[in-house]
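Chain by chain, the residues run as shown.
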Amino acid sequence: MLRFKLKERIAAKEFKEGRRISLSEVAETTGIGRITLSRMLNRGTNVRSDTLDRLCAYFDCRIEDLVEYVPNGVAAQPDPAQQPRG
């Protein structure tokens, strides 16, 4: 199964730019439908390669920063760099 790291990319861009970024803004800027982005956040969608290409361009990231392969039956482990610190 593929896990899309869209939340993590949005959070990183928000931090870098010091402002809030909405899903609507990502949709408008990339030309990707908001429903497609929502489905990526909530799992359970097929995503075209041009959609991934546009997201990589928007976030200025590599494909592996956006998509992670998780074998079936294995829970995805959160990226330690994204863990809140107390």
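An account of the accompanying structure is given in this report. (Residues numbered from 1 in each chain as written. Predicted model: local features only at pLDDT ≥ 70, side-chain atom pairs only at ≥ 80, totals over all residues. Heavy atoms only, no water.)

Core analysis: the largest hydrophobic core is formed by 18 residues, its most contacted members being Leu6, Leu37, Leu55 and Leu66. Of all the secondary structure elements, the ones that give two or more residues to this core are helix H1 (6-17), helix H2 (23-30), helix H3 (34-41) and helix H4 (49-59). At 5 residues, the largest contribution of residues to this core is made by H4. (Core = buried A, V, L, I, M, F, W, Y, C linked by side-chain atoms within 4.5 Å. Buried < 20%, exposed > 50% of the residue type's maximum accessible area, 1.4 Å probe, protein only. Helix = DSSP H or I, 4+ residues; strand = E, 2+ residues; numbered from the N terminus.)

Glancing now at the pattern of salt bridges. Following the criterion strictly, the structure yields 9 salt bridges and no others. In this structure, Arg3 engages Glu68 in a salt bridge whose closest nitrogen and oxygen atoms are separated by 2.8 Å. Of this pair, Arg3 sits in strand E1 (residues 2-4) while Glu68 sits in strand E2 (residues 67-69), and the two are 65 residues apart along the sequence. We classify Arg3 as buried; its relative accessible area is 12%. Of the residues examined, Glu68 reaches a relative accessible area of 25% and is grouped as partly exposed. Between Glu64 and Arg62 there is a salt bridge, with the nearest N and O atoms lying 2.4 Å from each other. Under the relative-accessibility criterion, Arg62 is labelled exposed at 57%. Because the salt bridges share partners, they merge into one network encompassing Lys13, Glu17, Arg19 and Glu25. (Salt bridge = Lys/Arg side-chain N within 4 Å of Asp/Glu carboxyl O.)

Okay, the side chain of Arg9 next. With respect to the element layout, Arg9 can be found in helix H1. Although Arg9 lies buried, it forms no salt bridge, and the closest oppositely charged side chain, Asp65, sits 5.2 Å away as judged by the N-O distance. Reaching out from Arg9, the side chain makes a polar contact with the backbone oxygen of Asp65 at a distance of 3.2 Å. When near neighbours in sequence (up to four residues on either side) are disregarded, Arg9 contacts Phe59, Cys61, Asp65 and Leu66. (Lys, Arg positive; Asp, Glu negative; His and termini not counted. Polar contact = N/O pair within 3.5 Å; in protein donor to acceptor, adjacent residues only side chain to side chain. Contact = heavy atoms within 4.5 Å.)

This part takes up the packing of H1 against H4. Put simply, H1 and H4 touch, their axes get as near as 11 Å, and they point 25° apart. On the basis of the axis angle, H1 is roughly parallel to H4. For H1 against H4, the interelement crossing comes out left-handed. Across from Leu6, Arg9, Ile10 and Lys13 in H1, the residues of H4 making contact are Leu55, Tyr58 and Phe59. Taken together, the residues of the contact of H1 with H4 sort by class into 5 nonpolar, no polar and 2 charged. (Axes fitted to C-alpha atoms, helices over the stretch in contact; angles between N-to-C directions. Parallel < 35°, antiparallel > 145°, perpendicular 65-115°, else oblique. Left-handed = near helix turned anticlockwise from the far one by under 90°. Nonpolar A, V, L, I, M, F, W, Y, C, P; charged D, E, K, R; others polar.)

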